[in-house]
Amino acid sequence: MAKGAYATVGPTALAGMRLAFAAAVLWLLVRPRLRGVTPAQWRSAIALGLVFAGMNLAYFRAIDHLPIGVAATLELLGPLVLSIALSRRLEHVVIALLMLVGVLLLAAPGGALSTTGILLGCTAAVCRAGYVLLSRRVGQLFPDWTGLALALAFGACLLTPIAAITSGDHVVAHPAALGTGLLVALLSSLIPYALDMTVLRHIDTRAFGVLLALSPAVAAGIGFALLHEELTTRQLCAMALVVLAGAWSAHRATRRKEPATAQPAPGRREEASPEPRTR
């Protein structure tokens, strides 16, 4: 949806609207109380907001120069490298490397890619790795959605003025783009960020970073179906590697989390619970 509106308002304007609308909607839903926020919570929320601003701007400008599948792949290099860096078992490294092979294949479709697009995609990758770490941190520090609301608000305060200065006249000339910006904010910021923070409260950053690598396959498929961005055989093979590794990671994580059935110790008999005493 965002890329389809680039002809009228441009990527910077949509990135600014994305954060601004997401922050406004979540603030109205959560209505955070600022009085009880600790300095540590403020620092984490502000850092996440800075990452939000950089990640949104870099990625939305990257897909102006690259196919969505390639841009999403470059952005996911950050979490993948983070997954490998945090791995402590050979199995984790193998899964991450398998995904990394798929990502690199997907990022090299055979034709010449825009240097600007590649640099923007790599910038988004660095921000994405920071997002994984900080989103988990904010989710642990805040028991509710206050941290996410503060982070989105801070990111919007940084990015929206830039978007207004550079692209405000385009939005005024095409007010219908505000509706697109609202939908993009809900579908690509508010709902995904809330789901990410929920997931990161239950799994580690390594597993999350590996599973995030499923998104380039989805992005490439969307680009092909809706934006007529053709896929090559190399890209299809790369997506197959990514999906296979992601499914393997999810399966192994599920098996490790299955609780073992408690068995009574040999030679001991379970005691019956006493009958409740009646008055």
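Here, every reference points to the structure presented above.
Predicted, not measured: the structure shown is a model, and the values here were computed from it.

Criteria and cut-off values
- Residues numbered from 1 in each chain as written.
- Predicted model: local features only at pLDDT ≥ 70, side-chain atom pairs only at ≥ 80, totals over all residues.
- Heavy atoms only, no water.
- Core = buried A, V, L, I, M, F, W, Y, C linked by side-chain atoms within 4.5 Å.
- Buried < 20%, exposed > 50% of the residue type's maximum accessible area, 1.4 Å probe, protein only.
- Helix = DSSP H or I, 4+ residues; strand = E, 2+ residues; numbered from the N terminus.
- Contact = heavy atoms within 4.5 Å.
- Axes fitted to C-alpha atoms, helices over the stretch in contact; angles between N-to-C directions.
- Left-handed = near helix turned anticlockwise from the far one by under 90°.
- Nonpolar A, V, L, I, M, F, W, Y, C, P; charged D, E, K, R; others polar.
- Phe/Tyr/Trp six-rings, centres within 6.5 Å; stacked < 30°, edge-to-face > 60°.
- Lys NZ or Arg CZ within 6 Å of the ring centre and 35° of its normal.
- Salt bridge = Lys/Arg side-chain N within 4 Å of Asp/Glu carboxyl O.
- Patch = residues over 30% accessible without salt bridge, like charges linked within 9 Å, V, L, I, M, F, W, Y side chains within 5 Å.
- Areas by Shrake-Rupley, 256 points an atom, 1.4 Å probe, with all protein chains shown as cover.
- 1 Å grid on protein atoms, 1.4 Å probe; cavity = no way out; pocket = protein on both sides within 12 Å on 5 of 7 lines; lining within 4 Å.
- Points joined across faces, edges and corners; volume = space filled by probe spheres on them.

Draft legend 1. Examining the nonpolar core more closely. Within the largest apolar cluster, 69 residues are counted, with the highest numbers of intra-cluster contacts made by Leu14, Phe52, Tyr59, Phe60, Tyr131, Leu148 and Leu152. With ten residues, helix α2 (residues 39–62) is the largest single contributor of residues to this core. Apart from residues lying up to four places away in sequence, Tyr131 is in contact with Leu48, Val51, Phe52, Met55, Pro192, Tyr193 and Asp196.

Draft legend 2. Seen up close, the packing of helix α1 (residues 11–30) against helix α7 (residues 177–200). Between α1 and α7, the least distance of the axes is 7 Å, while the angle of their chain directions is 65°. Relative to α7, α1 is oriented so that their crossing is right-handed. Along its contact with α1, which presents Leu14, Met17, Arg18, Phe21, Ala22, Val25 and Leu26, the element α7 presents Ala177, Leu178, Thr180, Gly181, Leu182, Val184, Ala185, Leu186, Ser188, Ser189, Leu190 and Tyr193. A class-by-class count of the residues in the contact of α1 with α7 yields 14 nonpolar, four polar and one charged.

Draft legend 3. Layout of the packing of aromatic side chains. Per the stated rule, a full pass over the model turns up four aromatic pairs. Aromatic pair Tyr59 and Phe60: ring centres 6.3 Å apart, planes at 55°, arrangement tilted. Grouping residues by exposure puts Tyr59 and Phe60 together as buried. Between Tyr131 and Tyr193, the ring centres sit 5.5 Å apart and the planes meet at 50°, which makes this aromatic pair tilted. On the criterion of sequence distance, the pair formed by Tyr131 in helix α5 (residues 115–141) and Tyr193 in helix α7 is long-range, its members being 62 residues apart. You can call Tyr193 buried: its relative accessible area is 3%. What links up through ring pairs into an aromatic cluster is the set Phe52, Tyr131 and Tyr193. The ring of Trp145 carries the charged tip of Arg201 above its face, separated from the ring centre by 5.0 Å.

Draft legend 4. Here's a closer look at the pattern of salt bridges. Across all of its chains, the model carries one salt bridge by this definition. Put simply, Glu229 and Lys3 hold a salt bridge, and the shortest N to O gap is 2.8 Å. Taken together, the positions of Glu229 in the loop between α9 (215–227) and α10 (233–257) and Lys3 in the segment before α1 put the pair 226 residues apart, joining distant regions of the chain. Classification of Lys3 as partly exposed rests on a relative accessible area of 21%.

Draft legend 5. Molecular detail of unusual backbone geometry. One non-glycine residue with positive phi stands out, namely Arg31, at about 50°. Among the secondary structure elements, Arg31 is positioned in the loop between α1 and α2. Looking at Arg31, the relative accessible area reads 66%, which means it is exposed. Phi is positive for His228, close to 60°, though the residue is something other than glycine. Of note, His228 is situated in the loop between α9 and α10. What makes His228 exposed here is its relative accessible area of 66%.

Draft legend 6. Quick peek at a nonpolar patch on the surface. Together, Met1, Leu183, Leu187, Ile191 and Leu195 line one region of the surface with nonpolar side chains, adding up to about 510 Å² of accessible area. Here Leu195 shows up in helix α7. For Leu195, a relative accessible area of 53% gives the class exposed.

Draft legend 7. Spatial organisation of the layout of surface pockets. Here the largest pocket defines a volume of roughly 960 Å³. Lining the largest pocket are 32 residues, with Arg18, Tyr59, Leu187, Ser188 and Ala219 positioned closest to its centre. It is α7 that contributes the most residues to the lining of the largest pocket, eight residues altogether. Among the residues forming the lining of the largest pocket, the class breakdown is 23 nonpolar, four polar and five charged.

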